[in-house]
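Residue-level listing of the chains:
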Amino acid sequence: CNTTCTAEYLCDDYDYMEHLQQVARDEGSSEWINFWDSSVCESHGGSLGDWGQCEFDSLASAPCKQESECYEECQKPHTQDGCAELNGTWIQNPGNWYGRCCPPDTHVFYDPMRGEKICSYVPEGSPNGWELRSPSCCEAEQGSWKVIDGHGQCCLGRWMSYTYEGQTHTYCSTEVWGWDNSECYESCDA
């Protein structure tokens, strides 16, 4: 897609910055345009936004700008600042360059078996669900009893289901591996 094409299909600030960079290259410049510098951003008609990126008011009515902003909002659980804004707990274990956001309805604690912090639906020190063999014992620990394939099972976490080869399988999930924001992404496409 050439610069004429990209100008017609600008979607968001990043598209516009790429378009301006391409125009500069087409004009013979090999310099990278540093849009993170406020004076450079302003000289191209933008202003630095809350997250330090160059934003262009002229794109406010671009057809997919709102969709891009919606996706950006859905990405908040993937950053430490966004996690804090959503009242989550950010954990980053030693030796890992990445972290993850634990939703506010989870418990965060150090698991000595794994040697790291985890996010769990189950409070620290609770028994294992499989140790609770009756509905009343399960309920006493704030669990949920379910009969699967003729056998009772206590879940102290959340019941989850998935379908594989036409069969629906239900299991108890106790650990949280990430923030499920699929509903957020779906709302962006609505």
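From a predicted model like this one, the values you see are computed outputs, not experimental measurements.

Undergrad: Break down the state of the cysteines for me, citing the residues and quoting the values.
TA: Inspection of every chain in the model, using the stated rule, returns seven disulfides. Put simply, C70 and C188 are joined by a disulfide, and their sulfur atoms are 2.0 Å apart. Between C70 and C188, the S-S torsion sits near -85°, and that sign places the bridge as left-handed. Within this pair, whereas C70 is found in helix α4 (residues 65-74), its partner C188 is found in helix α7 (residues 182-189), the two being separated by 118 residues in sequence. Relative accessible area serves as the criterion here: at 10%, C188 is assigned to the buried category. Here C137 is not cross-linked by a disulfide; its sulfur's nearest cysteine counterpart is in C138, at 8.7 Å.

Undergrad: Which residues make up a nonpolar patch on the surface, and what values go with them?
TA: On the surface, Y14, W32 and W36 cluster together into a nonpolar patch covering about 430 Å² of accessible area. Within the secondary structure, W36 sits in the loop between α2 (13-26) and α3 (38-43).

Undergrad: Help me get a handle on the pairing of strand β5 (residues 107-111), residues and values and all.
TA: Successive residues of a regular strand alternate their side chains across the two faces of the sheet. In terms of strand pairing, β5 meets strand β6 (residues 116-120) through five bridges, oriented antiparallel. Across the sheet, V108 pairs through a bridge with C119, a residue of β6. In this structure, the hairpin formed by β5 and β6 is closed by a connection of four residues, where G115 is found at a positive phi of approximately 75°.

Undergrad: Now, about unusual backbone geometry: what can you tell me, with residues and values included?
TA: Where the residue is not glycine, phi is negative for most of them; where a peptide bond is considered, it is trans in most cases. Within the chain, N87 stands out as a residue other than glycine whose phi angle is a positive 65°. Note on placement: N87 falls in the loop between α5 (80-85) and β3 (89-91). One non-glycine residue, D149, adopts positive backbone phi at about 50°. Inspection of the secondary structure assignment puts D149 in the loop between β7 (144-148) and β8 (151-155).

Undergrad: Please set out the packing of α4 against α7 residue by residue, giving values where relevant.
TA: Their axes nearest at 9 Å, the elements α4 and α7 cross at an angle of 175°. When the interaxial angle is binned, α4 and α7 end up roughly antiparallel. For the pair α4 and α7, the contacting residues are E67, C70, Y71 and C74 in the first and C184, Y185, S187, C188 and D189 in the second. Classifying every residue of the contact of α4 with α7 gives six nonpolar, one polar and two charged.

Rules and cut-offs
Residues numbered from 1 in each chain as written. Predicted model: local features only at pLDDT ≥ 70, side-chain atom pairs only at ≥ 80, totals over all residues. Heavy atoms only, no water. Disulfide = S-S within 2.5 Å. Helix = DSSP H or I, 4+ residues; strand = E, 2+ residues; numbered from the N terminus. Buried < 20%, exposed > 50% of the residue type's maximum accessible area, 1.4 Å probe, protein only. Patch = residues over 30% accessible without salt bridge, like charges linked within 9 Å, V, L, I, M, F, W, Y side chains within 5 Å. Areas by Shrake-Rupley, 256 points an atom, 1.4 Å probe, with all protein chains shown as cover. Salt bridge = Lys/Arg side-chain N within 4 Å of Asp/Glu carboxyl O. Pairing = 2+ DSSP bridges. Axes fitted to C-alpha atoms, helices over the stretch in contact; angles between N-to-C directions. Parallel < 35°, antiparallel > 145°, perpendicular 65-115°, else oblique. Contact = heavy atoms within 4.5 Å. Nonpolar A, V, L, I, M, F, W, Y, C, P; charged D, E, K, R; others polar.

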